[in-house]
Amino acid sequence: MSERALELLTLPEDEPCYVLDIGCGSGLSGSVLDEQGHFWVGVDISSAMLDVAQDREVEGDLILGDMGEGMPFRAGTFDGAISISALQWLCNADKTHHNPVKRLYKFFSTLNACLSRTGRAVFQFYPENSNQVELITSQAMKAGFYGGVVVDYPNSTKAKKFFLVLMTGGNMPLPKALGTDGESSSVAYSKKRELDRARGSKGKSLKNSREWILEKKERRRRQGRNTRADTKYTGRKRSGRF
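Residues numbered from 1 in each chain as written. Predicted model: local features only at pLDDT ≥ 70, side-chain atom pairs only at ≥ 80, totals over all residues. Heavy atoms only, no water.

What to know about the pattern of salt bridges
Charged atoms that come close allow side chains of opposite charge to pair. Scanning the model with the defined rule gives four salt bridges in all. Note that Arg4 and Asp152 form a salt bridge whose closest N and O atoms lie 2.7 Å from each other. One end of the pair, Arg4, is in helix H1 (residues 2-9); the other, Asp152, is in strand E6 (residues 146-152), with 148 residues separating them in the sequence. The pair formed by Arg4 and Asp152 is uniform in burial state, with each residue classed as buried. For Asp230, the salt bridge goes to Lys217, with nearest N and O atoms at 3.0 Å. On the criterion of sequence distance, the pair formed by Asp230 in the segment after helix H7 (210-222) and Lys217 in helix H7 is long-range, its members being 13 residues apart. For Asp230, a relative accessible area of 39% puts it in the partly exposed group. (Salt bridge = Lys/Arg side-chain N within 4 Å of Asp/Glu carboxyl O. Helix = DSSP H or I, 4+ residues; strand = E, 2+ residues; numbered from the N terminus. Buried < 20%, exposed > 50% of the residue type's maximum accessible area, 1.4 Å probe, protein only.)

Notes on the layout of surface pockets
In this structure, the largest pocket spans a volume of roughly 470 Å³. Along the wall of the largest pocket there are 26 residues; nearest its centre are Gly23, Asp44, Ile45, Ala86 and Trp89. Elements represented by at least two residues in the lining of the largest pocket include exactly strand E1 (18-22), helix H2 (28-35) and strand E2 (39-44). The class makeup of the residues in the lining of the largest pocket is 11 nonpolar, 10 polar and five charged. (1 Å grid on protein atoms, 1.4 Å probe; cavity = no way out; pocket = protein on both sides within 12 Å on 5 of 7 lines; lining within 4 Å. Points joined across faces, edges and corners; volume = space filled by probe spheres on them. Nonpolar A, V, L, I, M, F, W, Y, C, P; charged D, E, K, R; others polar.)

Side note on the environment of Val43
If you trace the backbone, Val43 turns up in strand E2. For the pair Val43 and Leu62, spaced 19 residues apart in the sequence, the C-alpha separation amounts to 6.0 Å. Val43 has contacts with Leu20, Asp21, Ile22, Gly23, Cys24, Ile63, Gly65, Met71 and Phe73, leaving out every residue within four places of it along the chain. (Contact = heavy atoms within 4.5 Å.)

Observations concerning helix H4 (residues 100-114)
Its 15 residues give H4 an end-to-end C-alpha distance of 21 Å, which sits within 8% of 21 Å, the value for a rise of 1.5 Å per residue. Along H4, the positions that sit buried rather than exposed are Pro100, Arg103, Leu104, Phe107, Phe108, Thr110, Leu111, Asn112 and Cys114. In this structure, the buried side of H4 is in contact with E1, strand E4 (78-84), strand E5 (115-125), helix H5 (130-142) and strand E7 (161-167). (Expected span 1.5 Å × (residues − 1).)

Here's the deal with the side chain of Asp152
On the basis of relative accessible area, Asp152 is assigned to the buried category, the value being 3%. From its side chain, Asp152 meets the backbone nitrogen of Leu178 in a polar contact 2.9 Å long. The residues touching Asp152, leaving out its near neighbours within four places in the chain, are Arg4, Ala159, Lys160, Lys161, Phe163, Ala177 and Leu178. (Polar contact = N/O pair within 3.5 Å; in protein donor to acceptor, adjacent residues only side chain to side chain.)

Looking at the packing of H4 against H5
Remark: H4 packs on H5, axes separated minimally by 8 Å, with the N-to-C direction vectors making an angle of 45 degrees. By the angle between their directions, the pair H4 and H5 is classed as oblique. When the axes of H4 and H5 are compared, the crossing they make is right-handed. Taken together, the residues of H5 that come into contact with H4 (itself represented by Val101, Leu104, Tyr105 and Phe108) are Leu135, Ile136, Gln139, Ala140 and Lys142. Here the contact of H4 with H5 is built from residues that sort into seven nonpolar, one polar and one charged. (Axes fitted to C-alpha atoms, helices over the stretch in contact; angles between N-to-C directions. Parallel < 35°, antiparallel > 145°, perpendicular 65-115°, else oblique. Left-handed = near helix turned anticlockwise from the far one by under 90°.)

What to know about the packing of H1 against H2
Interaxial distance between H1 and H2 falls to 9 Å at its minimum, and their mutual angle equals 55 degrees. By the criterion of interaxial angle, the relationship of H1 to H2 is oblique. H2 is crossed by H1, and the crossing has right-handed handedness. Residue-level contacts link Ser2, Glu3 and Leu6 of H1 to Ser29, Val32 and Leu33 of H2. Of the residues that constitute the contact of H1 with H2, the class distribution is three nonpolar, two polar and one charged.

Describing the confidence of the model for the protein
Close inspection of predicted coordinates is inappropriate for parts of the model with low pLDDT. With 86% of its residues at a pLDDT of at least 70, the protein reaches an overall mean of 85. Here helix H6 (residues 190-197) stands out as the element of the protein with the lowest mean pLDDT, 51, in contrast to E1, whose mean of 97 is the highest. (pLDDT = per-residue confidence, 0-100.)

Here's the deal with the nonpolar core
Ranked by size, the top nonpolar core spans 32 residues in total, and within it Leu20, Met71, Leu87, Phe107, Phe108, Leu111 and Phe123 carry the most contacts. Of all the secondary-structure elements, those providing two or more residues to this core are E1, E2, E4, H4, E5, H5, E6 and E7. Take this core: its biggest share by element is five residues, from H4. Apart from residues lying up to four places away in sequence, Phe108 is in contact with Leu87, Phe123, Ile136, Gln139, Ala140, Ala143, Phe145, Leu164 and Leu166. Grouped together as the second largest cluster of nonpolar side chains are 20 residues, Leu9, Val58, Val122 and Val150 included. (Core = buried A, V, L, I, M, F, W, Y, C linked by side-chain atoms within 4.5 Å.)

Next up, the structure:
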């Protein structure tokens, strides 16, 4: 999975890069980065796992930290970031003061800041359901990222893997998923982010827009009130003259 994450990261070939390994654990992903000739820094919340990494004498630098409290690095420090099987834990409220939405946004916003302007971040994760995927991706897009989810081997129970691919340098096509027989198995969220920008600050449709009028008419129908049928002229802009 680390090799696949590194492949999706699309780092320059034959050029050492500086990579952040989030939830590095005992440094297994770091070993893959070493083999590719990259330098890396690992962050993990478990001191026991970091002790194992030190015993293994990994090449990367190790930092004890909670990803939900943000990434404590200078702007533009890293060329890319990877994470294996860690992101889903931010959706849990393990302590009474934990708020998953706030922790996700804090993490993604500080990660965005410490990546170079052409950098990517790739997360292999295990979502519990589609709502969790939506929660994670919405906070990533809110923090300024583009991208979406790539699902390798979507028709296999055992081999199916989710990768969240985030980009800082603008909206670009997502990588092709493995095991899809030519059919795309990627979900881009950039268009949704652009749509949200056209809406109000709370995600509501702009007043008097076509979308706002259609939503209002639908509410009236649910209330059992007489409402005119929708047509191609619904919500159109009028010129103000005849």
